[in-house]
Amino acid sequence: MIKNYPGIFISLEGPEGAGKSTQLKLISKQLETLNYKHVITRDPGGTALGRQVRRIVLNPENQIEKIAELLLYQADRAQNVAEVIRPALEQGLLVFCDRYTDSTLAYQGFGRGMSFELIEQLNAIATDGLKPELTILFDLPSEEGLARLHPGSQDRLEREALEFHQRIRAGYKQLIEKEPERWQVIDASKPLTTVQAEFKKIVADKLAIKLD
Ligand code: TMP
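Quick look at the structure, then.

Rules of the game
Residues numbered from 1 in each chain as written. Predicted model: local features only at pLDDT ≥ 70, side-chain atom pairs only at ≥ 80, totals over all residues. Heavy atoms only, no water. 1 Å grid on protein atoms, 1.4 Å probe; cavity = no way out; pocket = protein on both sides within 12 Å on 5 of 7 lines; lining within 4 Å. Points joined across faces, edges and corners; volume = space filled by probe spheres on them. Helix = DSSP H or I, 4+ residues; strand = E, 2+ residues; numbered from the N terminus. Nonpolar A, V, L, I, M, F, W, Y, C, P; charged D, E, K, R; others polar. Axes fitted to C-alpha atoms, helices over the stretch in contact; angles between N-to-C directions. Parallel < 35°, antiparallel > 145°, perpendicular 65-115°, else oblique. Left-handed = near helix turned anticlockwise from the far one by under 90°. Contact = heavy atoms within 4.5 Å. Buried < 20%, exposed > 50% of the residue type's maximum accessible area, 1.4 Å probe, protein only. Pairing = 2+ DSSP bridges. Near = heavy atom within 4 Å. Polar contact = N/O pair within 3.5 Å; in protein donor to acceptor, adjacent residues only side chain to side chain. Areas by Shrake-Rupley, 256 points an atom, 1.4 Å probe, with all protein chains shown as cover. Sits in = over half its atoms within 2 Å of the grid points.

### With respect to the layout of surface pockets
Here is step 1 of the chain: In this structure, the largest pocket encloses a volume near 680 Å³.
Here is step 2 of the chain: Around the largest pocket, the lining comprises 33 residues; the ones closest to its centre are Glu 16, Gly 17, Lys 20, Ser 21 and Arg 99.
Here is step 3 of the chain: Counting only elements with at least two residues in the lining of the largest pocket, the list comes to α1 (20-33), α2 (48-58), α3 (66-90), α4 (101-111) and α8 (192-207).
Here is step 4 of the chain: Here the element with the most residues in the lining of the largest pocket is α1; it accounts for five residues.
Here is step 5 of the chain: Its residues assigned to classes, the lining of the largest pocket comprises twelve nonpolar, eight polar and 13 charged.
Here is step 6 of the chain: In this model, the second largest pocket occupies a volume close to 290 Å³.

What follows is the structure in structure tokens.
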């Protein structure tokens, strides 16, 4: 794939409770000590508009139609790509996005049973074709991930049945089979420090730098 920007785009994926956000904070601190310029964003919620969308989609009091949910995630993503991700990549920065188009294939496709063709089309429209060059899956059994969440304060997606979350985990494996060269998988059920070491190694290899 020919890139039309000088930056590096890495997306992070995983089921609930995989610890992606914690890992991102840790690696960001390390990159800062090296003065390695980078941007961390998330889907949903990487922009002011996206944070409003995030509140709507994750609020357990909202009854949201499947198609409305899909379009809300895509609206958030369109804004994030236009406002944050593409400009940063054009400036040559490293961009980490905590969830991206694969989350929609996993959650709305495998989880909700929506058409993959439709999702792919909307992903392409929302991102204007912008794809990550590396995607890291923080993988762990659904039961383990859900058990890590704070009881009583689960969001609308976290409250879905175990089977929904199991379809998502299995779905990620299918996505990897389709495009193995783009993915790296970390066993997120291991201790935090082990996960951190594996994450650091993958990122350091990608950037051709040393991180310790
Ligand atoms: P998180 O950012 O805390 O992981 O929460 C985002 C939730 O939204 C999570 O349950 C995954 C879900 N999600 C989708 O269902 N579709 C999407 O396209 C994205 C980006 C997230």
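Having seen it, we continue.
### Section: the packing of α4 against helix α7 (residues 162-178)
Here is step 1 of the chain: Put simply, α4 and α7 touch, their axes get as near as 8 Å, and they point 130° apart. With respect to α7, the axis of α4 lies oblique. Considering only the axes of α4 and α7, their crossing is right-handed. Taken together, the residues of α7 that come into contact with α4 (itself represented by Asp 102, Ser 103, Leu 105, Ala 106, Tyr 107, Phe 110 and Gly 111) are Phe 164, Arg 167, Ile 168, Gly 171, Tyr 172, Gln 174 and Leu 175.
Here is step 2 of the chain: Of the residues contributing to the contact of α4 with α7, the split by class is eight nonpolar, four polar and two charged.

### Brief notes about the pairing of strand β4 (residues 134-139)
Here is step 1 of the chain: Along β4, six of the six residues are buried, which leaves the element largely enclosed by surrounding structure.
Here is step 2 of the chain: Residues of β4 alternate between two faces, with Leu 134, Ile 136 and Phe 138 on one and Thr 135, Leu 137 and Asp 139 on the opposite face, all of them buried.
Here is step 3 of the chain: Looking at chain direction, strand β1 (residues 8-13) and β4 are connected through four bridges and run parallel. Among the inter-strand pairings, Ile 10 is bridged to a residue of β4, identified as Leu 134.
Here is step 4 of the chain: Note that β4 and strand β5 (residues 183-187) share five bridges and pair parallel. Opposite Leu 137, over in β5, you have Val 185 as the bridge partner.

### A look at the site of the ligand
Here is step 1 of the chain: Surveying the vicinity of the ligand reveals 14 residues, the closest of which are Glu 16, Tyr 73, Arg 99, Thr 104 and Gln 108.
Here is step 2 of the chain: Side-chain polar atom of Tyr 73 to an oxygen atom of the ligand: 2.8 Å apart, as the coordinates give it.
Here is step 3 of the chain: Contact with the protein chains removes 94% of the 470 Å² of surface that the ligand exposes when unbound.
Here is step 4 of the chain: With respect to the pocket detection grid, the ligand is positioned in the largest pocket.

### Let's talk about unusual backbone geometry
Here is step 1 of the chain: A cis geometry characterises the amide bond from Asp 43 onward to Pro 44, with omega recorded as -5°.
Here is step 2 of the chain: Along the polypeptide, Pro 44 turns up in the loop between β2 (38-42) and α2.
Here is step 3 of the chain: Unlike most non-glycine residues, Arg 99 shows phi in positive territory, near 80°.
Here is step 4 of the chain: Note that Arg 99 resides in the loop between β3 (94-98) and α4.
Here is step 5 of the chain: Look at Asp 128: it is not a glycine, yet its phi comes out positive at around 55°.

Everything listed here is a matter of geometry and, on its own, says nothing about what the molecule does.
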